[in-house]
Amino acid sequence: MDRIKVLAQYGLPKQMLTKIAGRAASAQAGAATTRMIRWFAQKYEVDMAEAANPDLSSYKSFNDFFTRALKPDARPMADADFLCPVDGAISQFGAIDDGKMFQAKGHQFTATDLVGGDTDLAARFQNGNFANIYLSPKDYHRIHMPCTATLQRMIYVPGALFSVNPVTARGVANLFARNERVVCVFDSSDFGSFVMVLVGATIVGSMQTVWHGVVNPSHSGQLAEWTYDDQGIVLEKGAEMGRFLLGSTVIMLFKPGTIEFNENWAPEQTVRLGERMGDGLR
C-alpha cells in the first residue's frame, strides 16, 4: 500500500492541486470557510484549547486558522542553547556524513542539493549535523528560531511538490532536495553559521518569513536569492521566523562542533516548540 501511495503521486498534477488549494485556503467565504475549518479541526483532532483564539467561527480564512497563534504560555521555552523550532515529529537527525544526510532506509540526500547547488554554502556544514522535523496537519505551523542569530541570505529553490510525510520519505529518492524550498542562512555570534530550510509539499500554498512575507507565491520555477548581511536583521531565540500556509518540513544544518542533540531525541518522536533541542559545543 505504501508503494501504491508513492507511485500515485507521480501522476498527480501537483502544481495545479497546490494552486487550487492555495486559493481555497486564502478565500474568505463566510459560512463555507467555517465549515471547512470545523471539518479539518475535527478530522485532525486539532487542539484549539491552546490557541490564542479558540473560536473556529472567527477565522476569516483557512490560512488564518492554519497559522493561528498560540496562547502566550502554551510553549514554555527551555533553558537550552538550542530550542526545537516547531511542533512536529522528528523525521531524522544526526551527522552530515561526507556531505550527505540520511533520509530513510536506502535513501540519502546531499547538503549541496538541499541548498540549491551552492557548493560553498554546503561546504560549511561538511561533517556537521542536521535535524529534519515534519509538521503534520494538526500541528502549530509557525516556525521559530532555535537560537539568536542575524539573517544573512534567503534562497528560493524551485522544485517538485511531493508529499513529505514518512511514507513518501521512504519511497521517493532525494525527496527533500527535489521539492520546492526556501533556504534561510543565519549567523549566530555564539555558534556561527547555520541554515533553516523550509520544504514545500503537495497543497502547501506557500511559505512565508517575517522579514519578506510570502516567498514566491506564483511558483515561477526560477531560483531567486536575497541578501541581508548589511541590514542587521536579528531574530531572538524563540522568536517567530516564518510559517507554512499548509504544512511541511523544516531542516536545519549546523557546522561541525556546534551542537550536541538532546539525548532523548529519536526518529519519529513527537517534539514541541521550545523544548531543548541540544546544547552548544564551545
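See the structure printed just above.
Residues numbered from 1 in each chain as written. Predicted model: local features only at pLDDT ≥ 70, side-chain atom pairs only at ≥ 80, totals over all residues. Heavy atoms only, no water.

**Topic: the packing of aromatic side chains**
Per the counting criterion, the structure on display carries 16 aromatic pairs. Judged by centre distance (5.6 Å) and plane angle (65 degrees), the rings of Phe62 and Phe65 are edge-to-face. With Phe62 and Phe65 both in helix α4 (residues 62–66), this residue pair falls three residues apart, about one helical turn. Of the two residues examined, Phe62 and Phe65, each falls in the buried class. (Phe/Tyr/Trp six-rings, centres within 6.5 Å; stacked < 30°, edge-to-face > 60°. Helix = DSSP H or I, 4+ residues; strand = E, 2+ residues; numbered from the N terminus. Buried < 20%, exposed > 50% of the residue type's maximum accessible area, 1.4 Å probe, protein only.)

**Observations regarding the sheet that holds strand β14 (residues 240–245)**
Ordered in space as β6-β14-β10-β11, the four strands form an open sheet in which the pairing is antiparallel. The strands lining the two open edges of the sheet, one partner per strand, are β6 (142–144) and β11 (213–215). Adjacent strand axes in the sheet meet at a mean angle of 30 degrees, parallel and antiparallel pairs treated alike. Sheet analysis places strand β10 (residues 206–209) next to β11, joined by three bridges and oriented antiparallel. Across the sheet, the residue bridging to Met207 is Val215, located in β11. (Pairing = 2+ DSSP bridges. Axes fitted to C-alpha atoms, helices over the stretch in contact; angles between N-to-C directions.)

**Quick notes on unusual backbone geometry**
With a phi close to 55 degrees, Glu45 is a non-glycine residue in the positive phi region. By secondary structure assignment, the location of Glu45 is in the loop between α3 (31–43) and α4.

**What to know about the nonpolar core**
In this structure, Phe186, Met196, Trp211, Met241 and Trp265 are the most contacted members of the largest nonpolar core, which totals 37 residues. For this core, the secondary structure elements donating two or more residues are β5 (129–134), β7 (149–157), β8 (181–188), β9 (192–199), β14, β15 (249–254) and β16 (259–261). Per-element tally for this core: the top contributor is β7, with four residues. If you look at the next biggest cluster of nonpolar residues, it comprises 21 residues, including Phe109, Ile155, Val157 and Phe176. (Core = buried A, V, L, I, M, F, W, Y, C linked by side-chain atoms within 4.5 Å.)

**Here's the deal with the environment of Thr110**
Looking at where Thr110 falls in the secondary structure, it is placed in strand β4 (residues 107–110). Taking the relative accessible area as the measure of exposure, Thr110 reaches 22% and is therefore partly exposed. It is 4.3 Å that separates the C-alpha atoms of Thr110 and Lys100, two residues lying 10 residues apart in sequence. Reaching out from Thr110, the side chain makes a polar contact with the backbone nitrogen of Asp113 at a distance of 3.0 Å. (Polar contact = N/O pair within 3.5 Å; in protein donor to acceptor, adjacent residues only side chain to side chain.)

**Quick look at the pattern of salt bridges**
Considering all chains together, one arrives at nine salt bridges under this definition. One salt bridge connects Glu225 with Arg153, and the closest N-O pair in it is separated by 2.7 Å. Separated by 72 residues along the polypeptide, Glu225 in strand β12 (residues 224–227) and Arg153 in strand β7 bring together distant segments of the chain. For Arg243, the salt bridge is made with Glu240, and the minimal N-O distance between the two is 2.8 Å. (Salt bridge = Lys/Arg side-chain N within 4 Å of Asp/Glu carboxyl O.)

**Points about the pairing of β10**
Side chains of β10 alternate between two faces, with Ser206 and Gln208 and Met207 and Thr209 buried alike. As defined by bridge partners, β10 adjoins β14 across four bridges and the pair is classed as antiparallel. Bridging across to β14, Met207 finds its partner in Phe244. In this structure, the hairpin formed by β10 and β11 is closed by a connection of three residues.

**A word on α3**
When the terminal C-alpha atoms of α3 are compared, their 18 Å separation across 13 residues agrees well with the 18 Å that a helix rising 1.5 Å per residue should span. All of the buried residues in α3 are Thr33, Thr34, Ile37, Phe40 and Ala41. Along the axis of α3, the buried positions cluster into a sector of 130 degrees, meaning they face one direction only. Among the exposed residues of α3, those oriented more than 90 degrees off its buried face are Ala31, Arg35, Trp39 and Gln42. In this structure, the buried residues of α3 make contact with α4. (Expected span 1.5 Å × (residues − 1). Arc of directions from axis to C-beta. Contact = heavy atoms within 4.5 Å.)

**Notes on the pairing of β9**
Burial within β9 is extensive, with eight of its eight residues counted as buried. Here eight bridges tie β8 to β9, and the two strands are oriented antiparallel to one another. Looking across to β9, one finds that Val183 is bridged to Val197. For β9 and β15, the ladder comprises six bridges, and the chain directions are antiparallel. Its bridge partner lying in β15, Val195 is registered against Leu253.

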